[in-house]
Amino acid sequence: MLLLFLNLNRNNQSEDNVSLNKVCHLFCPYFSNESVPCFLYRVVPSFQQQRIFVTSLACPSWSLTSTVMAAAVRFFIRGANSRLSVGTGTSGSLGAALLKLSPSCSSRSKTQRRHAAHFTYQPDPVPTQYGETQKMNLFQSVTSALDNTLSSDPTAVIFGEDVAFGGVFRCTVGLRDKYGKDRVFNTPLCEQGIVGFGIGAAVAGATAIAEIQFADYIYPAFDQIVNEAAKYRYRSGNLFDCGNLTIRAPWGCVGHGSLYHSQSPEAFFAHCPGIKVSPHKVKDNIKCSFTDGDPPHHSRAVMQVPSQSPVGEDPTEENYFAGCRQICDLLSVFFQSVVKTGRLLVSHEAPVTGGFAAEISSTVQEECFLNLEAPISRVCGYDTPFPHIFEPFYIPDKWKCFEAIKRMINY
Amino acid sequence: MLTNISSLLRAYAQKSGAAAAVSMRSYSDFTPQATFEIKKCDLHKLDEAPATEVVMTREEGLKYYHIMQTIRRMELKADQLYKQKIIRGFCHLYDGQEACAVGIEAAINMSDHLITAYRAHGYTYTRGGTVKKIMAELTGRRGGIAKGKGGSMHMYCKNFYGGNGIVGAQVPLGAGVALACKYQGNNELCVCLYGDGAANQGQIFETYNMASLWKLPVIFICENNRYGMGTSVERAAASTDYYKRGEFIPGLRVDGMDVLCVREATRFAAEHCRSGKGPILMELQTYRYHGHSMSDPGISYRTRDEIQEVRSKSDPISLLKDRLLSNNMASVEELKVIDVEVRKEIEDAAQFATTDPEPPLDELCNHMFSNNPPVEVRGTNPWAKLKSVS
């Protein structure tokens with residue numbers, strides 16, 4: 001991982017961007033905007049009336065350049081505080097920065113830690129290749145995806161407990177009014193029945209979207225999902241399939257859910273061939289799972305994440321993404337990233353033993369063993385039922401992840 | 001001298017005015033017992049019915065009043081504490097349905113068994129839990145009835161198996177408990193409760209079959225409070241005659257807002273079970289004033305008028321109070337004394353629940369298995385292992 005610090009004394013963000021790009025091109029001729037498999041974030045700490053851009057880039061593992069750059073990082077941090085490189089103009093400070101670049105760095109400033117404490121997050125620029133975009137939270141994007149599906153696919157139906165009024169997580173708000181009560185309807189309280197019913201509807205050709213109110217309630221339907229839905233195509237030799245079925249189930253802790261409103265059962269389903277389990281990119285998944293009919297798409301289970309995720313803040317972890325087919329694509333992303341950085345931390349709320357982090361760890365170590373600088377760290381829940389009063393201690397929060405990262409770095 | 005006497009009397013009256021008033025009336029003024037006419041039950045596959053003329057003594061009446069008032073106050077206090085964020089999580093309140101818990105308990109023994117779903121605070125109390133322990137469990141403190149590890153939905157005490165979060169899952173468990181009773185031959189039975197929403201779960205029907213096949217001493221009770229979370233029974237069930245859903249199991253439909261109706265019906269059902277005739281199904285038609293849980297305002301799927309109407313016409317505590325007063329079995333002051341007592345008990349319990357410390361962090365991993373040497377529990381980091389003791 002490479003960090004590039006740029007010490008600027010301007011308030012104008014766009015000019016800063018321009019100068020940043022210039023520096024990027026100067027230092028890293030290999031760098032291009034698209035191929036950043038890890039992540040790109042710009043952090044703008046505002047202190048002492050100086051603005052500093054921090055950009056993390058992934059470059060080919062050029063060890064000399066990395067050392068140089070890392071030294072530059074440390075220097076600039078110190079420089080920012082001791083006002084060594086205060087310049088009045090962009091080019092002036094750039095020049096000063098370049099001149100002061102030195103591979104040998106001596107002591108670390110004790111203000112380094114203080115600088116690291118306060119950052120303002122700058123989001124990535126909005127992608128324009130898909131047309132007009134709109135900012136939405138997770139629930140809204142689910143509602144929007146369902147809306148698009150119902151409008152484009154006349155066979156699509158949504159059903160589950162309390163979906164008619166909008167659902168307990170507000171993912172079906174307004175859909176019943178828009179599409180009618182024969183397409184968006186409530187079911188009685190029977191998870192096994194709901195899923196079985198959904199399988200039947202999908203097999204007959206409808207696009208069925210079944211909702212299980214909380215993932216903790218999915219267990220009565222476990223047999224239907226694992227034995228019926230997942231194996232339908234296989235056992236019928238592709239004569240029948242329930243590829244059009246999507247089961248939505250909110251999982252994860254909400255802060256006060258206790259034992260039965262907080263579970264993460266993805267590992268149980270990821271172990272079953274024939275279904276796809278996905279917690280991310282919900283909107284894309286819902287859309288492509290309805291339009292895509294190619295084999296080997298088996299019946300899809302889409303799981304969604306409530307917005308209060310305790311591990312949301314620090315993006316250096318790889319939040320897992322499971323699934324039969326997509327996992328190949330995603331793991332290649334993991335591998336590239338591990339090759340460059342040498343360390344991997346996987347985190348999820350589900351208990352650590354047998355959790356999905358184990359699968360990722362073992363696959364990554366198979367492929368990238370020699371690239372690993374430290375053992376793969378799993379920061380997960382304890383091997384206990386999800387507790388009632390002890391929830392803040394149970395969940396793998398940012399501090400536990402931070403601790404794990406520190407240990408990995410100092411391994 | 002007169003001023004001294006009057007000030008003495010005033011002081012005494014201020015200390016316990018109602019008690020002073022009561023002590024002036026002797027207990028022989030009250031009717032010791034009275035006969036009441038109660039509603040007839042609807043029957044399914046039954047030739048006999050529970051009695052429609054029942055006797056209630058004064059002591060019984062006051063006891064039922066005390067317990068119902070305690071449950072009512074306790075639930076309202078829980079509501080208050082929840083809004084103050086002292087209780088967190090999910091909290092399903094039982095006010096409006098007190099007659100069910102009290103009536104059932106009046107007809108069975110403490111040695112009988114009971115299992116219910118998550119609306120369990122009332123049953124925890126009638127089965128022997130104290131208000132203090134219940135409230136401490138709601139706030140998740142170490143003085144709680146489940147050591148603070150369960151919360152609102154997971155309260156247990158002797159012969160009371162909870163407190164179960166997953167809808168309908170407790171019914172097969174109840175049949176299992178009944179099997180144990182039959183196997184041990186101790187003439188005990190199991191009362192197995194569930195709601196109108198759960199009545200549509202598959203496991204209920206599986207349980208009906210097993211219980212009937214093996215003639216288990218289980219009383220299935222469906223507490224029909226007309227709404228399964230936000231869905232009314234008409235929109236959820238093809239047949240809202242829940243007492244007939246057992247099909248081959250005899251059934252009773254009972255007015256669940258009248259404690260005497262519930263008591264009589266449960267007595268009848270208990271006799272049926274204990275005589276070896278097998279399971280029996282009861283539907284208690286009742287009502288909850290609060291929403292499904294504290295996160296449900298309870299008015300988006302029903303009108304405030306409806307709630308008000310039930311409160312004014314069929315409130316279980318008011319019904320009992322009217323009966324006691326109109327038959328001269330208690331006085332208004334006496335009931336007020338009980339109210340004050342109950343209020344104090346609840347206040348003390350709430351105080352305890354708020355100030356008791358939380359369980360120690362070691363409890364996080366305890367009680368997972370039964371083991372003699374403590375087991376190591378893998379945790380968030382591979383270098384941090386916690387101990388699990390049982």
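Residues numbered from 1 in each chain as written. Chains lettered and ligands numbered in written order. Predicted model: local features only at pLDDT ≥ 70, side-chain atom pairs only at ≥ 80, totals over all residues. Heavy atoms only, no water.

Draft legend 1. Quick look at the overall build of chain B. What chain B contains, in helices and strands, is 13 helices and twelve strands. Here the C-alpha atoms of chain B give a radius of gyration of 23 Å, agreeing with the 21 Å that 2.2 N^0.38 yields for 390 residues. Projected onto its principal axes, the C-alpha coordinates of chain B cover approximately 80 × 65 × 45 Å. In chain B, which comprises 390 residues, the share counted as buried stands at 56%. Within chain B, contacts between residues at least 6 apart in sequence are counted, and of these 70% link residues at least 24 apart. Summed over all atoms, the accessible surface of chain B reaches about 17300 Å², with 53% contributed by carbon and sulfur. A gap of 5 Å separates the mean positions of the 47 positive and 45 negative side-chain charges of chain B. (Helix = DSSP H or I, 4+ residues; strand = E, 2+ residues; numbered from the N terminus. Rg over C-alpha atoms; globule rule 2.2 N^0.38 Å. Buried < 20%, exposed > 50% of the residue type's maximum accessible area, 1.4 Å probe, protein only. Contact = heavy atoms within 4.5 Å. Areas by Shrake-Rupley, 256 points an atom, 1.4 Å probe, with all protein chains shown as cover. Lys, Arg positive; Asp, Glu negative; His and termini not counted. Charge placed at Lys NZ, Arg CZ, Asp CG, Glu CD.)

Draft legend 2. A look at the packing of aromatic side chains. If you walk through the whole model with that rule in mind, you get 18 aromatic pairs over all chains. The interplanar angle of 90° and the centroid separation of 6.3 Å between the aromatic rings of A:F222 and A:F268 together place this pair among those described as edge-to-face. Placement of A:F222 in helix α8 (residues 222-229) and of A:F268 in helix α10 (residues 266-270) is noted, with a sequence separation of 46 residues between them. With a relative accessible area of 27%, A:F222 lands in the partly exposed category. Residue classification places A:F268 among the partly exposed residues on the basis of a relative accessible area of 47%. Site record: aromatic cluster; members linked through ring pairs are A:F139, A:F169, A:F214, A:Y217 and B:F90. Residue placement shows B:K132 over the ring face of B:F352; its charged tip is 5.0 Å from the ring centre. (Phe/Tyr/Trp six-rings, centres within 6.5 Å; stacked < 30°, edge-to-face > 60°. Lys NZ or Arg CZ within 6 Å of the ring centre and 35° of its normal.)

Draft legend 3. Just the interface of chain A and chain B, in detail. Listed by partner, the interface residues are 39 residues for chain A and 42 residues for chain B. Summing both sides of the interface, chain A and chain B together bury roughly 3100 Å²; the carbon and sulfur share of this comes to 64%. Seen at the junction of chain A and chain B, the total is zero salt bridges. At the boundary of chain A with chain B, the tally comes to three residue pairs in polar contact (both at pLDDT 80 or more). Sort the elements by how many residues they give to the side of chain A that touches chain B and strand β14 (residues 377-381) of chain A lands first, with five residues. Residues of the side of chain A that touches chain B, tallied by class, amount to 20 nonpolar, twelve polar and seven charged. (Buried area = accessible area lost by both parts, 1.4 Å probe. Salt bridge = Lys/Arg side-chain N within 4 Å of Asp/Glu carboxyl O. Polar contact = N/O pair within 3.5 Å; in protein donor to acceptor, adjacent residues only side chain to side chain. Nonpolar A, V, L, I, M, F, W, Y, C, P; charged D, E, K, R; others polar.)

Draft legend 4. Just the packing of helix α6 (residues 131-138) of chain B against helix α13 (residues 332-355) of chain B, in detail. Residues and elements named next belong to chain B. Between α6 and α13, the least distance of the axes is 8 Å, while the angle of their chain directions is 40°. Compared by their axis directions, α6 and α13 come out oblique. When the axes of α6 and α13 are compared, the crossing they make is right-handed. Residue-level inspection shows V131, K132, M135 and A136 of α6 in contact with α13, the latter providing E345, I346, A349, A350, F352 and A353. (Axes fitted to C-alpha atoms, helices over the stretch in contact; angles between N-to-C directions. Parallel < 35°, antiparallel > 145°, perpendicular 65-115°, else oblique. Left-handed = near helix turned anticlockwise from the far one by under 90°.)

Draft legend 5. Quick look at the side chain of A:R378. On the secondary structure map, A:R378 appears in strand β14. Although A:R378 is buried, it makes no salt bridge; A:D383 carries the closest opposite charge, 7.9 Å away.

Draft legend 6. Looking closely at unusual backbone geometry. All names here are of chain B. Despite not being glycine, N187 shows a phi value in the positive range, around 60°. Here N187 is to be found in the loop between α7 (170-184) and β5 (190-195). Positive phi is not limited to glycine here, since M229 has a value of about 60°. Looking at M229, the relative accessible area reads 21%, which means it is partly exposed.

Draft legend 7. Main features of the nonpolar core. Counting 71 residues, the largest nonpolar core has B:I104, B:Y123, B:V191, B:I219 and B:M282 as the members making the most contacts within it. In contact with B:I104, other than residues within four places in its own chain, are B:L114, B:Y123, B:V191, B:L193, B:I221, B:V262, B:T266 and B:L284. (Core = buried A, V, L, I, M, F, W, Y, C linked by side-chain atoms within 4.5 Å.)

Draft legend 8. Seen up close, the side chain of B:D255. Tracing the sequence through the fold places B:D255 in strand β9 (residues 251-255). Excluding residues that lie within four positions of it along the chain, B:D255 makes contacts with B:K39, B:C261, B:V262 and B:Q285.

Draft legend 9. Empty space enclosed by the protein, seen in detail. Tallying each qualifying case throughout the model produces five cavities of 30 Å³ or more. Looking at the second largest cavity, its volume works out to about 70 Å³. In the lining of the second largest cavity, the residues fall into four nonpolar, nine polar and one charged. (1 Å grid on protein atoms, 1.4 Å probe; cavity = no way out; pocket = protein on both sides within 12 Å on 5 of 7 lines; lining within 4 Å. Points joined across faces, edges and corners; volume = space filled by probe spheres on them.)

What is shown is where atoms sit, not what they do.
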